[in-house]
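Structure assessment
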2 protein chains.
Amino acid sequence: MHFSKDRIAALEKHTRTHFINSLSGFKSANLIGTQDLQGNTNLAIVSSVIHLGAHPPLVGMIMRPHSVPRHTFENIIETGIYTINQVNSDIYQQAHQTSARYAKDESEFDATGLKTEYLNDFKAPFVAQSRLKYAVKFVENQHLAVNGTELVIGEIMDVYVDESALQSDGFLDLQAIDTVAVTGLDSYHTANKLNRLPYAKK
Amino acid sequence: MHFSKDRIAALEKHTRTHFINSLSGFKSANLIGTQDLQGNTNLAIVSSVIHLGAHPPLVGMIMRPHSVPRHTFENIIETGIYTINQVNSDIYQQAHQTSARYAKDESEFDATGLKTEYLNDFKAPFVAQSRLKYAVKFVENQHLAVNGTELVIGEIMDVYVDESALQSDGFLDLQAIDTVAVTGLDSYHTANKLNRLPYAKK
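Per chain, residues are indexed from 1 in the order of the written sequence. Each chain takes a letter, starting from A, and each ligand takes a number, starting from 1, following the order in which they are written. In keeping with the predicted nature of the model, local features appear solely for residues at pLDDT of at least 70, side-chain atom pairs appear and are counted solely at 80 or more, and the whole-chain, interface and lining totals rest on all residues. Note that the side-chain values use all heavy atoms of the structure and ignore hydrogens as well as water.

1. Quick look at the environment of R101(B)
Helix and strand assignments follow DSSP, with helices taken as H or I runs no shorter than four residues and strands as E runs no shorter than two, numbered in order from the N terminus. Within the element layout of this structure, R101(B) appears in the loop between α4 (92–97) and α5 (108–112). Separated by 34 residues in the primary sequence, R101(B) and S67(B) place their C-alpha atoms 9.1 Å from one another. Sequence-distant contacts of R101(B), defined by excluding residues within four places in its chain, comprise Y199(A), K202(A), V68(B) and R70(B). Contacts are residue-level and defined by heavy atoms, with any inter-residue pair within 4.5 Å sufficient.

2. Some thoughts on the pairing of strand β3 (residues 30–35) of chain B
Residue and element names in this part refer to chain B. Among the six residues in β3, six count as buried, and that is most of the element. Per-residue accessibility, obtained with a 1.4 Å probe over protein chains only, is compared with the maximum for each type, and a residue is labelled buried under 20%, exposed over 50%, and partly exposed between these values. Residues N30, I32 and T34 of β3 are buried on one face, and the alternating residues L31, G33 and Q35, pointing to the opposite face, are buried as well. Pairing between two strands is assigned when DSSP locates at least 2 bridges connecting them. Here β3 runs beside strand β4 (residues 41–46); their pairing, made up of six bridges, is antiparallel. Following the sheet pairing, G33 is matched in β4 by L43. Counted along the chain from β3 to the antiparallel partner β4, the turn is five residues long, and its residue G39 has a positive phi close to 90°. Of the strand pairs in this sheet, β3 and strand β7 (residues 81–86) are connected by four bridges, and their pairing is antiparallel. Considered in β7, the bridge of G33 is made with T83.

3. Concerning helix α3 (residues 70–79) of chain A
Considered for burial, the residues of α3(A) that qualify are H71(A), T72(A), F73(A), N75(A) and I76(A). Lining the buried residues of α3(A) we find β3 (30–35), β4 (41–46), β6 (57–63), β7 (81–86), β10 (132–144) and β11 (149–161) of chain A.

4. Concerning empty space enclosed by the protein
Using only the protein atoms, space was sampled on a 1 Å grid; points where a 1.4 Å probe fits but cannot get out form cavities, open sets with protein on both sides within 12 Å along at least five of seven lines form pockets, and lining residues are those with an atom within 4 Å of a point. Grid points are joined across faces, edges and corners, and a volume is the space filled by probe spheres set on the points. What the rule picks out here adds up to three cavities of 30 Å³ or more. By volume, the largest cavity is sized at about 110 Å³. Forming the walls of the largest cavity are 16 residues, and the residues nearest its centre are F26(A), V49(A), F26(B), K27(B) and V49(B). Elements with a minimum of two residues in the lining of the largest cavity: β2 (27–28) of chain A together with β2 (27–28) and β5 (50–54) of chain B.

5. Description of the UniProt feature "domain: Flavin reductase like" (unreviewed entry) in chain A
According to UniProt, the feature "domain: Flavin reductase like" (unreviewed entry) maps to residues 31–166 of chain A in the numbering used here. This span, residues 31–166 of chain A, is 15% helix and 43% strand, and a straight line between its end C-alpha atoms measures 21 Å. UniProt positions are given in the numbering used here, feature names are shortened, and annotations may be inferred rather than shown by experiment.

6. Topic: the relation of the copies chain B and chain A
Superposing chain B onto chain A takes a rotation of 180° plus a shift of 0.0 Å along the axis, which leaves an RMSD of 0.0 Å. What the rotation and shift describe, once combined, is the action of a two-fold rotation axis. In terms of C-alpha distance to the rotation axis, chain B has A191(B) as its closest residue, with the C-alpha 2.2 Å off the axis. In this assembly the copies share their binding face: 100% of the residues contributing to the interface of chain B also contribute to that of chain A. Overlaid copies result from least-squares superposition on C-alpha atoms, with residues included only where pLDDT is at least 70 in both.

7. Side note on the sheet that holds β2(B)
The strands that make up a sheet are held in pairs by hydrogen bonds between backbone atoms, and each pair lies either parallel or antiparallel. Pairing in this open sheet of six strands is antiparallel, and the strands run β2(A)-β12(A)-β13(A)-β13(B)-β12(B)-β2(B) from one edge to the other. The open sheet has two edge strands with one neighbour each: β2 of chain A together with β2 of chain B. Where β2(A) lies against strand β12 (residues 181–183) of chain A, two bridges are found, and the strand directions are antiparallel. Each bridged residue has a counterpart across the sheet, and for K27(A) the counterpart in β12(A) is V182(A).

Okay, here's the thing in structure tokens:
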């Protein structure tokens, strides 16, 4: 089936949102943990976390400052730190619920039953139920004028991972810890491994 | 298990690369089709394609200009167009093979057996075997000085998708067309659907 640019533009707005959100393929499911300077905690599911580089270890995410995760963005700018917590199949429904429009003084932790955890004096909250999570120090944000979003770039600090995921070459087996993937806006999936492939040579 | 920043920095370089590449979660698997002004085609697997917005329909990807997909980046800058083709389980091995260091006048299409397809006079090649693919017009690139990568931003033009994926609300069922996800550098996965969840409300 062929959808021209004009046909896409003519789709009903929510239909177009679902359609375009499906095009990029599988997305990661992560919960971003923050708190403001008064200690109010915030938790937001984000499907736009992306690997930026390993040397130094950097991670990015796209945020819409005027949409639901705006408190997350504000807390990151205010405190300079956040946590990234992979979502697993035991908590994906609670993780999805964090996308509801809670007020800034309502904690998504309390609202969903996800538990805060504080590790090694890092001032942003982790999600206790997550099996792979890490502390992140804010580096910079790049404003994408083309549509008003922000690319938030952070440096990976301390990593906490269930031992069952760790393999001898550094690879982490995300299936072993039931990490989920997202498609579109609202579909959650676990994974079936096909294979690991060797480094490609001519 | 706890990996401090210092412990991560002390990992052997390839171990650290595998480890850090695993942290962002599931990644999309896409082939980027381009050609230069002389008509030499190029195809590169990229795991960093990311949804940027639906209104207008924008897609981003992170490229390292000095790594394997540099010909792709050069062709995009030169011609202003490219295609994004989702990888499915029938072609993931050929897709992975495009990451080998072919010269600019060697086409990864010829080397891997993936077939070029030209649709509606768009001058960049699609992958015939892909079941969800779209034409993209280059909008801009943002240089990320923090590690020398580029965020390449494009506008989604024409979309081609197998009818079996399309659902009535615009959502595309990527499992129905066997789209694969990537973890780390080299692990490929199909998906098991858990559920689609309703729009979250307080």
